[in-house]
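Coordinate analysis (summary)
Okay, here's what each chain looks like letter by letter:
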Amino acid sequence: MTADLPYAELHLHVEGTLEPELVMALARRNGVALPYRDTDELRRAYAFGDLQSFLDLYYATMSVLREPQDFADMTRAYLERAARAGVRHAEIMFDPQAHVSRGVPLETVVDGIWSVLATSERDHGVTTLLVAAFLRDRDEDEALDVLDRLLAAGAPIVGIGLDSAEVGHPPSKFARLFERARSAGLRRIAHAGEEGPPEYVAEALDVLGAERIDHGIRCLEDDALVARLVAEQTPLTVCPLSNVALRAVPSLEEHPVLVMLERGLNVSVHSDDPAYFGGYLDDTLHALEGALGLTSEQRVALAENSVRSSFLPPERRDALLAEIRAASR
Ligand code: ADE
Ligand code: ZN
């Protein structure tokens, strides 16, 4: 009954949608040598002990992305798959520093991704917004330089995010970056409370002015923080398959997402890096039905929260909410 509810994908790294088949095809096309003979061997490397072990592979496989066409092919493949999963709007992160640091021009990255996003509604029935995410395990000056270059080039970004290795890289390290983004009229998002402590969630809100928190699951360790997040209805974009794959949570059966929903937190579920963690939005929702007995009411609440927490203009947001209400009646 609720399988075709509209949904907004809000936590998605486009480089994390690079499926093994495309990695191998791009490696061949660009003459990039990889330490894997075939897709099976590459897939066997997808056994992660923590966030860092995933990031090591994630940054390594990105080496196949060289030309605008490569970024376009990756983005198009994601949108085709997302549309089949029921995604009607997607706010897509990319990691500019992961590419410029290995010699790929910023324009190659932005132009390649944007060449597909610009017509995503017409071609795939999915509206899209682009978010530049900054790597918290690199220094702030580099991030400021990349943001300035994006702004100077008039890059079509709606906002910035903060990602990569969390522990030891608190949000406060990026206070100037987020202030510059704010003054440029950009929206602000930060990963916090994935592996890092609840204090990082509070810091992302208080120091960075983050409007949305990616993950945030460790907020549950601090009741006062939960009360604040409930009162402020701060959007938390939770990624259950990612959390299990990176061992932030021992199993899907033990995942707290429905506890979070029942406590009144503004949570929605998302796919993070679906090529690496076992699935897209539809796979995630099916897995939650199986492991946690996700009910159709909870399914509707997740869809509504996703749309409400998006940066969509009010008309499109309200139209999608009305569609959800009509479909769930
Ligand atoms: N970059 C891509 N996926 C990420 C995740 N789950 N956490 C932090 N940085 C990331
Ligand atoms: Zn993420």
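Here the structure is shown first, and the text comes after it.
Here's a quick rundown of the structure.

Rules behind the numbers
- Residues numbered from 1 in each chain as written.
- Chains lettered and ligands numbered in written order.
- Predicted model: local features only at pLDDT ≥ 70, side-chain atom pairs only at ≥ 80, totals over all residues.
- Heavy atoms only, no water.
- Buried < 20%, exposed > 50% of the residue type's maximum accessible area, 1.4 Å probe, protein only.
- Helix = DSSP H or I, 4+ residues; strand = E, 2+ residues; numbered from the N terminus.
- Arc of directions from axis to C-beta.
- Contact = heavy atoms within 4.5 Å.
- Polar contact = N/O pair within 3.5 Å; in protein donor to acceptor, adjacent residues only side chain to side chain.
- Core = buried A, V, L, I, M, F, W, Y, C linked by side-chain atoms within 4.5 Å.
- Near = heavy atom within 4 Å.
- Areas by Shrake-Rupley, 256 points an atom, 1.4 Å probe, with all protein chains shown as cover.
- Nonpolar A, V, L, I, M, F, W, Y, C, P; charged D, E, K, R; others polar.
- Axes fitted to C-alpha atoms, helices over the stretch in contact; angles between N-to-C directions.
- Parallel < 35°, antiparallel > 145°, perpendicular 65-115°, else oblique.
- Left-handed = near helix turned anticlockwise from the far one by under 90°.
- Phe/Tyr/Trp six-rings, centres within 6.5 Å; stacked < 30°, edge-to-face > 60°.
- Lys NZ or Arg CZ within 6 Å of the ring centre and 35° of its normal.

Three or more residues of helix α11 (residues 223-232) are buried, namely L225, V226 and L229. The buried residues of α11 occupy an angular sector of 100 degrees when the element is viewed end-on, so they sit on one face. In α11, the exposed positions that point more than 90 degrees away from the buried face belong to D223, A224 and A231. Looking at the buried positions of α11, the neighbouring elements they touch are α10 (198-206) and β7 (235-238). The N-terminus of α11 is capped by D222, whose side-chain oxygen sits 3.0 Å from the backbone nitrogen of A224.

This paragraph deals with the nonpolar core. F94 and L150 are the most contacted members of the largest nonpolar core, which has 108 residues in total. Ignoring sequence-local partners within four residues, the contact set of L150 consists of F94, P96, L106, V110, A132, F134, A155 and I157. Of all hydrophobic cores here, the second largest spans six residues; its members include V131, A133, V158 and F311.

Turning our eyes to something else, we now look at the site of ligand 1. By nearness alone, every residue bordering ligand 1 is listed as H13, L51, F54, L55, Y58, D163, S164, H191, E194, H215, D272 and D273. In the environment of ligand 1, a nitrogen atom lies 3.4 Å from a nitrogen or oxygen atom belonging to the side chain of H13. Between ligand 1 and D273 there is a distance of 2.6 Å, counted from a nitrogen atom to a side-chain nitrogen or oxygen. When isolated, ligand 1 has an accessible area of 260 Å², and the protein chains bury 100% of it. Residue contributions to the shell around ligand 1 peak at four residues, all from helix α3 (residues 51-61). Here the shell around ligand 1 is built from residues that sort into four nonpolar, four polar and four charged.

Considering the arrangement of structural elements, one finds S310 in the loop between α16 (296-308) and α17 (314-327). Among the polar contacts made by the side chain of S310, one reaches the main-chain amide nitrogen of L312 at a distance of 3.3 Å.

Here we come to the packing of helix α8 (residues 140-152) against helix α9 (residues 175-183). The interhelical angle for the contact between α8 and α9, taken along N-to-C directions, is 15 degrees, at an axis separation of 9 Å. Looking at the two axes, α8 sits roughly parallel to α9. Like other packed secondary-structure pairs, α8 and α9 cross with a definite hand, here right-handed. In this structure, α8 contributes E140, D141, A143, L144, L147 and D148 to the contact, and α9 contributes A175, R176, L177, R180 and A181. Across the contact of α8 with α9, the residue classes tally to six nonpolar, no polar and five charged.

Our next topic: the packing of aromatic side chains. Under the defined criterion, the tally for this structure stands at ten aromatic pairs. When the ring of Y46 is compared with that of Y276, the centres are 4.9 Å apart and the planes differ by 35 degrees; the resulting orientation is tilted. Note that Y46 is positioned in the loop between α2 (39-44) and α3 and Y276 in helix α14 (residues 274-277), a separation of 230 residues in sequence. The pair Y46 / Y276 is uniform in exposure class, with both members buried. Aromatic pair F48 and F54: ring centres 5.5 Å apart, planes at 85 degrees, arrangement edge-to-face. Look at F54 and you get buried, because its relative accessible area is 2%. The rings of Y46, F48, F54, Y58, Y59, Y276 and F277 are connected pair by pair, giving a single aromatic cluster. Stacked on the ring of F311, the Lys or Arg R212 has its end atom at 4.3 Å from the ring centre.

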